[in-house]
Protein chains: 2
Amino acid sequence: MSPVEGATPVAAAGATAVAKGIPEATVARLPGYLRALNHLSDNGVATVSSGDLADEAGVNPAQLRKDLSHLGSYGTRGVGYSVAYLRFQIGREIGSAVDWPVIIIGVGNLGTALAQNADFGSRGFRVVALVDTNSALVGTEIDGLTIEHQDDLRRTLRDSGARIAVITTPPDSAQAVCDELVACGITSILNFAATVLSAPHEVTVRKVDLGQELQILAYHEQRKLDGLWPADDDVVAVVAGEAP
Amino acid sequence: MSPVEGATPVAAAGATAVAKGIPEATVARLPGYLRALNHLSDNGVATVSSGDLADEAGVNPAQLRKDLSHLGSYGTRGVGYSVAYLRFQIGREIGSAVDWPVIIIGVGNLGTALAQNADFGSRGFRVVALVDTNSALVGTEIDGLTIEHQDDLRRTLRDSGARIAVITTPPDSAQAVCDELVACGITSILNFAATVLSAPHEVTVRKVDLGQELQILAYHEQRKLDGLWPADDDVVAVVAGEAP
DNA sequence: CCGCATTTGTGCACACGTTCACAAGCTCCT
DNA sequence: AGGAGCTTGTGAACGTGTGCACAAATGCGG
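If you're wondering where the values come from, they're calculated on a predicted model, not measured in any experiment.

Considerations on the overall build of chain A
- Within chain A, the secondary structure is distributed over nine helices and 10 strands.
- For chain A, the residues scored as buried account for 38% of the 244 residues in total.
- A separation of at least 24 residues holds for 53% of the contacts in chain A among residues at least 6 apart in sequence.

A word on the sheet that holds strand S7 (residues 145-149) of chain B
Residue and element names in this part refer to chain B.
- Pairing within the open sheet is mixed, and its seven strands lie in the order S6-S7-S5-S4-S8-S9-S10. The open sheet has two free edges, formed respectively by strand S6 (141-142) and strand S10 (204-207), since each of these has just one partner strand.
- Each of strand S4 (100-105), strand S5 (125-132) and S7 is contacted by helix H7 (residues 153-160), which is oriented at about 165 degrees to S5, the strand it contacts most.

A short note on the domain arrangement of chain A
- What the domain assignment reports for chain A is domain 1 (24-94) and domain 2 (100-211).
- Between domain 1 of chain A and domain 2 of chain A, the C-alpha centre-to-centre distance is 31 Å.

Thoughts on the pairing of strand S8 (residues 164-167) of chain B
All names here are of chain B.
- Residues Ile164 and Val166 point to one face of S8 and Ala165 and Ile167 to the other, with burial holding for every one of them.
- Note: S4 against S8, four bridges, orientation parallel. Looking across to S8, one finds that isoleucine 105 is bridged to isoleucine 167.
- Two elements, S8 and strand S9 (residues 188-191), share three bridges in a ladder whose sense is parallel. For valine 166, the partnering residue across the bridge sits in S9 and is leucine 190.

Here's the deal with the sheet that holds strand S1 (residues 47-48) of chain B
Residues and elements named next belong to chain B.
- If you trace the three strands from one edge of the open sheet to the other, you get S1-S3-S2, paired in antiparallel fashion. The open sheet has two edge strands with one neighbour each: S1 and strand S2 (75-76).
- Relative to strand S3 (residues 80-82), S2 runs antiparallel, the two sharing two bridges. In the strand pairing of S3, glycine 75 is matched with tyrosine 81.

Digging into the protein's contact with DNA strand C
- Near DNA strand C lie 27 residues; those nearest to it are Gly78(A), Ser50(B), Ser73(B), Gly75(B) and Gly78(B).
- Looking at the surface near DNA strand C, the elements that each hand over two or more residues are helix H1 (24-42) and helix H3 (61-69) of chain A together with helix H2 (50-57), helix H3 (61-69) and S3 of chain B.
- For the surface near DNA strand C, the element with the most residues is H3(B), which contributes five residues.
- Within the surface near DNA strand C, the residues separate by chemical class into nine nonpolar, 12 polar and six charged.

What to know about helix H5 (residues 109-116) of chain B
- Counting buried positions along H5(B) gives six out of eight residues, so the element sits mostly inside the fold.
- Listed in full, the buried residues belonging to H5(B) are Leu110(B), Gly111(B), Thr112(B), Ala113(B), Leu114(B) and Ala115(B).

Regarding the packing of H1(A) against helix H2 (residues 50-57) of chain A
Residue and element names in this part refer to chain A.
- Where H1 meets H2, the closest approach of the two axes is 9 Å, and the angle between their N-to-C directions is 110 degrees. Here H1 is positioned roughly perpendicular relative to H2, judged by the angle of their axes. Mapping the contact onto sequence places Gly32, Tyr33, Ala36, His39 and Leu40 in H1 and Leu53, Glu56 and Ala57 in H2.
- For the contact of H1 with H2, the residue count by class is five nonpolar, two polar and one charged.

Points about H3(B)
Residues and elements named next belong to chain B.
- Within H3, the full set of buried residues consists of Leu64, Asp67 and Leu68. Seen end-on, H3 carries its buried residues on one side only, within an arc spanning 95 degrees. Exposed residues pointing more than 90 degrees away from the buried face of H3 are listed as Ala62 and Ser69.

The rules we used
- Residues numbered from 1 in each chain as written.
- Chains lettered and ligands numbered in written order.
- Predicted model: local features only at pLDDT ≥ 70, side-chain atom pairs only at ≥ 80, totals over all residues.
- Helix = DSSP H or I, 4+ residues; strand = E, 2+ residues; numbered from the N terminus.
- Buried ≥ 20, exposed ≤ 12 C-beta atoms within 10 Å, placed from the backbone.
- Contact = placed C-beta atoms within 7 Å.
- Pairing = 2+ DSSP bridges.
- Axes fitted to C-alpha atoms, helices over the stretch in contact; angles between N-to-C directions.
- Domains from an automatic or database assignment.
- Near = placed C-beta within 6 Å.
- Nonpolar A, V, L, I, M, F, W, Y, C, P; charged D, E, K, R; others polar.
- Parallel < 35°, antiparallel > 145°, perpendicular 65-115°, else oblique.
- Arc of directions from axis to C-beta.

As structure tokens, this is what we get:
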């Protein structure tokens, strides 16, 4: 039993930073808002209402306002949000103000695709190192980056200064790579391998499984084929109820 | 402009009975269970307890049992679950018993990587068509598949019989592609483009944004650097004291 | 045949996330 | 100046998801 009674959330840390914890669900949506804002900015929009921004981001207006309220009060009642200002604030909160150096472990098809993904650059990430075990690949270049051997991971990490690691190796080696990364001090990992990684709790691990996404789609698709219609609003012609 | 909208509100199909409404959160975890089971099966394990399976899948044992209980009672008290049987049941529920034909729109780096991804095959998906607008690519082959031109999308869809579409085009063209797909009768779309797609509600759209995943990681990473420690349980050996 | 060890399935309580509805606040027009 | 018309920020209701704790069920050994 761990009587964590002092569940008091706030540490009452001055007015400076948002010392409070932003809900995970909100954090997951912030990048979407940021992109929506960038898009609006590109189109010359200077001010936007929660309704329009919510449309652009694909969420409910009330949700958007509540999410933003966790960051602070950056809107003006009766007017809306300044696109530039809100973009700056979210960007700062999310940490996309700085350039994050990223290392990619596993230069297969997916790893290569990610390394060449131009979108990363525009979002504040820079691929600074590529690593693989295949000695046929080591030494070759992708986008001006030389592929290093995985045995030199420790050195490569230190030299490149990478702070975020992306694992695109086969599933079997993923855990070993993860352990090595953690041993080298990496605390943020994006895992594309089809395995559950175990890591110390201070390390943030996110998993993206492309096959899994398809399987979830397949589930819904099958339901449609079976004629039973999944849950939308009220459209359901329910059975005759009968409850004990 | 394509006046595609088909926003036609449901036709109130007289579905028999919504036999079982499996919660979305559970559906999202089922593929993970399935993989865990396959892994165990490969290792010659015939029977597994909820605890061990939960470990393998990276979830709480109680959660696993509750999830499985939505499918039915496929376990044996005092013993556990038959790996083979449970695998069959989940596979059937999830629709991975059949081979799902998949079409990929946009043969850039990512699209190519996905097309060559061997993992899809082992999970019941088969890439049956590749489509792009770049005429330099059209006609070339990837893994024995000839790339078709996007103008022939309708025909390609019909010929290939694809039921699930993957969009890996640039963001600008994604919505147009989506509209065209919907017009051709596709009802399941996996979107890798950095845009929010709007589609009729009977179409299932899932979005995967790689940059977004990195940004979420960056947020957590920044928090760690700032010294304020995010939410874990009790492990908090946080900075020296504070308040009263 | 009976009790013991084990493990599932689930009712229940709690935490988290979402949406509604409305007061507070701003701008503009008369 | 004052009111009309918007839009934000948020309290409160609602729904969903999670995890605990325990009864029900099974196998085993004596």
